[in-house]
Amino acid sequence: MYSSKDQDNYLAFTKLLLKDISSGNTADKLKEIELIRKIIRFHEYRYRVLNDALISDYEYDQIFNLLKKIEEDNPDALTADSPTQRILQEDISEFQPAVHLVPMLSLDNSYNAQDLLDFDKRVKEALETEEVTYVLEPKFDGSGISLIYENNLLARAATRGDGTTGEEVTPHARSMPTIPLSAELESEGIQKLEVRGEVVISKANFKKVQDNREREIVESGLKSMRQFKSARNTAAGTFRTKKNIEQEVRKRKLEVFLYHISYAVNKDGRDILGSQLKTHFDSVEMLKKLGFRVPEKEISVHEDIQSLIKRCEQWEEERDNYPFEVDGLVVKVNDLRQQAVCGSTSHHPKWAIAYKFKARMVSTVVNDIEYQVGRTGAITPVAKLQPVDFMGVEISNASLHNADYIAEKDIRIGDTVVVERAGDVIPQIVKVELNKRSGKEQIERFPTECPCCNTTLVKEADEADWRCPNWDCPDQVRERLIHFSSKNAMDIAGLSQKSIEKFCELGYLITVPDIYRLPFDEIQELEGFGSKSVNKLREAIEVSKGQSLDRLLYGLGIRHVGRETAKIFINEIKLLEELGDWPLEKLEELDGVGPIVAKSLFDFFHQESTPGFLADLRSLGFTLEKSEDDSAAPESAALEGKSFLFTGKLTQFSRSEAAEMVKNHSGKMSSSVNKKLDFLVVGEKPGSKLAKAEKLKTVSILTEDQFLEMINS
Ligand code: IVH
């Protein structure tokens, strides 16, 4: 990033500047303003990125304050990327949705050497070569972030959200000294860049953050103020703050590690990933050169999977010595073209995998077993545990999954059990410590009736869960209401899980349509609800009537109908009720819909209460009609009814552009080569997909040019 000559120059200038400041000789510093900014950035980089400060905090503050003063006196000289602009952020009232340029995917998991060998085999098969180099890096346990730089300036920061759309958190990112406000992207021929990383708090800093919080809690006397439980939650929680953002970020000592370039185009709008930038390792090196914080010493490159496995095992032993929380490692195919050939599922890239460290264990006592009724009626037994501290998080519940699980592990009330917790997953009971049994432990009898509505429980022969079959069971309705108003469904801000629980208790909510009949006058009188928050709630509820039809269908909480499946159904109809007229066979024929999903949707539309339920929604102002923008009008119908898949290195357009074109011309994207696929578009060096398609004989093979022709015709 800085040559030794740069460094010498900056240091020499720093000394002169400090001398001038201490002698009050700062009158004509305006002409050096850009140099002063560079000096400050240099020292921020030394301190934050290299962890090797060359001047004291006091000296840094003096230079910083001088710059602030010059800018105050000369507002015209202020620039957006001035170091002073990290602070003085304004409060925000609402988080803005931020659509990701490329979806922010998750990672597939592996747990042992065999899983890694399997991954290696899959990759090599897809690439049809044995020559694959991998990069291994820490899997930071923090909160994901996406940063977009345009014309050298930080333009937007966003959280991961549902992977497609996150929330804009630019002020939060600007407040983190490890995130540069500007970078010389132009020098690398880049006009627009999206880079992803993880916001973390070091173990040492987290202790300090907790100590400070403790003091604040005591001093403020606020009962509502809670201690921070884990670095990861604290980092994620910071992105929820709307006020005093800069102070909060600073207080929590957040830092960032960047580990992935998801988008990079030059000034002609051409994708440079795989061409100008050839490997993942090169991209990390480039980011480092540009002044970004990247994992460096901790990255290793492996020509073969055996050496990578060895390094994973070494890491596992040494993880406690690492200054940041890591819940595993990430293995990535190094060559970016090879990454493109591997492709992705809708959930994770096929060129990367997380290697999860073994979960930590702790032992405690099962005090009781309770039963929860889920949204779809499944009865989940939950162990109420003697609370124990687990790496800073108190654990008092563990899921017992179902009756078979309890029987298999022979878990009894009073037993001492070993509990493990991996990442943010709900704690699991690994085993019973049989040597600690006194003989007084009680074997639990699984209930035969719903703990909420006493309906006799049922169990399908091929399923593990007992279920309450009563669609109107109050516990199920409550869970369904929570799901209905959740972010991915109707997204009713202000109607939180807590409010729903309260409104259910008070009898305001008995069915989903009751949301649209809430007695706001009474709610206003409740503790914790002012007129302002009630007005906001009323508005959010009203607005939700205009949510897209696929969100509504997903929100109804029909078993097996996820967000994507809901979209498939809604694509086919204009009015929601039409689905009720479809015979089961027709539902099953839809691409992406299996017999189980089809049956579940069919059952919903044929249960006695559904027509009345839909009529109720209609009388409350729902149109139950697909609006034009639900399906953003396509440019043409050239690809209508046809499904597409792309393979190999594309030279005319990027993969996301391809998907966009298919959608814009009324076609559909497919995720694999199968009989339902109509066209496989083949770029350079296609992999196994082409062979598979040729074998099937039902798939038409197109070149990129032929595909473009098809659209233009
Ligand atoms: S790569 C398409 N690298 O882990 C690229 N992710 O469980 C996918 N994470 O969503 C991400 N450290 O938030 C990558 N070195 C690393 C990572 C990392 C932590 C997070 C990331 C991701 C999650 C998946």
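Residues numbered from 1 in each chain as written. Predicted model: local features only at pLDDT ≥ 70, side-chain atom pairs only at ≥ 80, totals over all residues. Heavy atoms only, no water.

Engineer: Please set out the site of the ligand residue by residue, giving values where relevant.
Structural biologist: Near the ligand you find 13 residues, and of these E137, P138, F140, E198 and Y259 are the closest. Taken by itself the ligand offers 530 Å² of open surface, and the protein chains cover 88% of this. Elements with a contribution of two residues or more to the shell around the ligand: strand 3 (134-140), strand 8 (255-265) and strand 10 (326-333). Sorting elements by how many residues they give to the shell around the ligand places strand 3 first, with 4 residues. Here the residues of the shell around the ligand are counted per class, giving 8 nonpolar, 1 polar and 4 charged. (Near = heavy atom within 4 Å. Areas by Shrake-Rupley, 256 points an atom, 1.4 Å probe, with all protein chains shown as cover. Helix = DSSP H or I, 4+ residues; strand = E, 2+ residues; numbered from the N terminus. Nonpolar A, V, L, I, M, F, W, Y, C, P; charged D, E, K, R; others polar.)

Engineer: Kindly report on the packing of aromatic side chains, identifying the contributing residues and their values.
Structural biologist: The relative placement of two aromatic rings is captured by the distance of their centres and the angle of their planes. Throughout the structure, instances matching the rule amount to 23 aromatic pairs. Where F140 meets F257, the ring centres are 4.4 Å apart and the plane angle is 5°; that geometry is what we call stacked. Of this pair, F140 sits in strand 3 while F257 sits in strand 8; the two residues are 117 residues apart in sequence, bridging distant segments of the chain. Overall, F257 belongs to the buried group, its relative accessible area being 3%. Ring geometry for Y149 against F292: centres 5.1 Å apart, planes inclined by 85°, an arrangement best described as edge-to-face. One end of the pair, Y149, is in strand 4 (residues 143-150); the other, F292, is in the loop between helix 9 (280-289) and strand 9 (300-302), with 143 residues separating them in the sequence. Its relative accessible area of 0% is what places Y149 among the buried residues. Connected via pairs of aromatic rings, a cluster forms that spans F140, F257, W315, Y322 and F324. Sitting above the plane of the W471 ring, R480 keeps its charged end 3.6 Å from the centroid. (Phe/Tyr/Trp six-rings, centres within 6.5 Å; stacked < 30°, edge-to-face > 60°. Buried < 20%, exposed > 50% of the residue type's maximum accessible area, 1.4 Å probe, protein only. Lys NZ or Arg CZ within 6 Å of the ring centre and 35° of its normal.)

Engineer: Please set out the packing of helix 1 (residues 4-22) against helix 2 (residues 33-49) residue by residue, giving values where relevant.
Structural biologist: Contact pair helix 1 / helix 2: the axes reach a minimum separation of 10 Å and the direction vectors enclose 115°. Relative to helix 2, the element helix 1 is oriented roughly perpendicular. The handedness of the crossing between helix 1 and helix 2 comes out as left-handed. Contact residues: Q7, Y10, L11, F13, T14 and L17 in helix 1; L35, I36, K38, I39, F42, H43 and R46 in helix 2. Here the contact of helix 1 with helix 2 is built from residues that sort into 8 nonpolar, 3 polar and 2 charged. (Axes fitted to C-alpha atoms, helices over the stretch in contact; angles between N-to-C directions. Parallel < 35°, antiparallel > 145°, perpendicular 65-115°, else oblique. Left-handed = near helix turned anticlockwise from the far one by under 90°. Contact = heavy atoms within 4.5 Å.)

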